[in-house]
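Descriptive analysis of the structure
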Amino acid sequence: LPAATVFDASGRVPNAGDRPKLFGLNLPYNSGVNLFGLLQSGKAYTPQDINGNATGRVYSKNGPTEFTLNMRLNKEFHLGREQRLNAYIVAENLLDWKIVKRVDASTGEAPQAGAGQYANPTEFDYNSTLTNPSYYGTPFRMRLGVDYDF
């Protein structure tokens, strides 16, 4: 199993009192920010030569390190005594780190045309492996949303 470290930093601006500043601007009341990070060693794999023959012990090597940083910003609006609207923005993989989910067992890196087991790729290799987006984690993306509590 990969070794992992998780961190979570959160902050809220209450509905009264002093407000913190960010870049010289007061943050709005009833808002919050959350940063969530995950750092872990790469996926374990069995080293192989370019022909697919094992050259080491089973799962004795790890692929590239993975790091993701996500952020959530939110602002809460009170719509009465019991009703609330919470608007938010979520940014996933904020640093747009390329996360390798499949490793070429002869190089220890992401599969690449002209290297390792794909030194002389076939059309099948291109279509099934070298251009397969599922071999990488989610790239940077943002989501907007609204929660309504009643």
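Residues numbered from 1 in each chain as written. Predicted model: local features only at pLDDT ≥ 70, side-chain atom pairs only at ≥ 80, totals over all residues. Heavy atoms only, no water.

A word on the overall build of the protein chain
Helix and strand content of the protein chain: 1 helix and 9 strands. Walking the protein chain from its N terminus toward its C terminus, one meets helices and strands in the order β-β-β-β-β-β-β-β-α-β. Computed over C-alpha atoms, the radius of gyration of the protein chain comes to 22 Å, more than 25% over the 15 Å expected from 2.2 N^0.38 for 150 residues, which places it beyond the range of a compact globule. Taking the principal axes of its C-alpha atoms as reference, the protein chain extends roughly 70 × 30 × 30 Å. Each of the 150 residues in the protein chain was classed as buried or not, and the buried ones make up 26%. Of the contacts made within the protein chain by residues no fewer than 6 positions apart, 56% connect residues no fewer than 24 positions apart. Carbon and sulfur atoms make up 55% of the accessible area of the protein chain, which amounts to about 10200 Å² in all. (Helix = DSSP H or I, 4+ residues; strand = E, 2+ residues; numbered from the N terminus. Rg over C-alpha atoms; globule rule 2.2 N^0.38 Å. Buried < 20%, exposed > 50% of the residue type's maximum accessible area, 1.4 Å probe, protein only. Contact = heavy atoms within 4.5 Å. Areas by Shrake-Rupley, 256 points an atom, 1.4 Å probe, with all protein chains shown as cover.)

What to know about the environment of Ala-110
Looking at the secondary structure, you find Ala-110 in the loop between strand 8 (84-92) and helix 1 (123-130). Among the residues examined, Ala-110 registers a relative accessible area of 12% and is labelled buried. Counting along the chain gives 46 residues from Ala-110 to Pro-64, while the straight-line C-alpha distance between them is 8.4 Å. Here Ala-110 is in contact with Val-100, Arg-102 and Tyr-136, once residues within four sequence places are set aside.

As for the pattern of salt bridges
Going through the model one piece at a time under the given rule, you end up with 7 salt bridges. The salt bridge partner of Arg-84 is Glu-76, with a shortest N-O separation of 3.6 Å. If you follow the salt bridges from partner to partner, you end up with Lys-43, Glu-66 and Lys-101 in one network. (Salt bridge = Lys/Arg side-chain N within 4 Å of Asp/Glu carboxyl O.)

Observations regarding the sheet that holds strand 4 (residues 31-40)
In spatial order, the strands read 1-4-7-8-9; together these 5 strands make up an open sheet with antiparallel pairing. Where the open sheet ends on each side, the last strands, each with one partner, are strand 1 (4-13) and strand 9 (141-149). Strand after strand, the sheet turns through a mean of 15° between neighbouring axes, direction not considered. Of the strand pairs in this sheet, strand 4 and strand 7 (residues 66-78) are connected by 10 bridges, and their pairing is antiparallel. Bridged to Gly-37 within strand 7 is Leu-69. (Pairing = 2+ DSSP bridges. Axes fitted to C-alpha atoms, helices over the stretch in contact; angles between N-to-C directions.)

Looking at the packing of aromatic side chains
Inspection of the entire model under this criterion finds 2 aromatic pairs. Over the aromatic face of Tyr-88 sits the side chain of Arg-72, whose NZ or CZ is 4.1 Å from the ring centroid. Just above the ring of Phe-77 sits the side chain of Lys-75; from NZ or CZ to the centre is 5.0 Å. (Phe/Tyr/Trp six-rings, centres within 6.5 Å; stacked < 30°, edge-to-face > 60°. Lys NZ or Arg CZ within 6 Å of the ring centre and 35° of its normal.)

Some thoughts on a nonpolar patch on the surface
Together, Val-33, Leu-73, Ile-89, Phe-140, Met-142 and Leu-144 make up an exposed nonpolar region whose accessible area comes to about 540 Å². By the element assignment, Leu-144 lies in strand 9. You can call Leu-144 exposed: its relative accessible area is 70%. (Patch = residues over 30% accessible without salt bridge, like charges linked within 9 Å, V, L, I, M, F, W, Y side chains within 5 Å.)

Overview of the side chain of Asp-104
The topology assignment puts Asp-104 in the loop between strand 8 and helix 1. Although buried, Asp-104 forms no salt bridge, and the nearest oppositely charged side chain, Arg-102, lies 7.4 Å from it. Setting aside anything within four residues of it in sequence, one finds Asp-104 in contact with Glu-109, Pro-111, Ala-115, Gly-116, Gln-117 and Tyr-118. (Lys, Arg positive; Asp, Glu negative; His and termini not counted.)

Any link to function would need more than the numbers given here.
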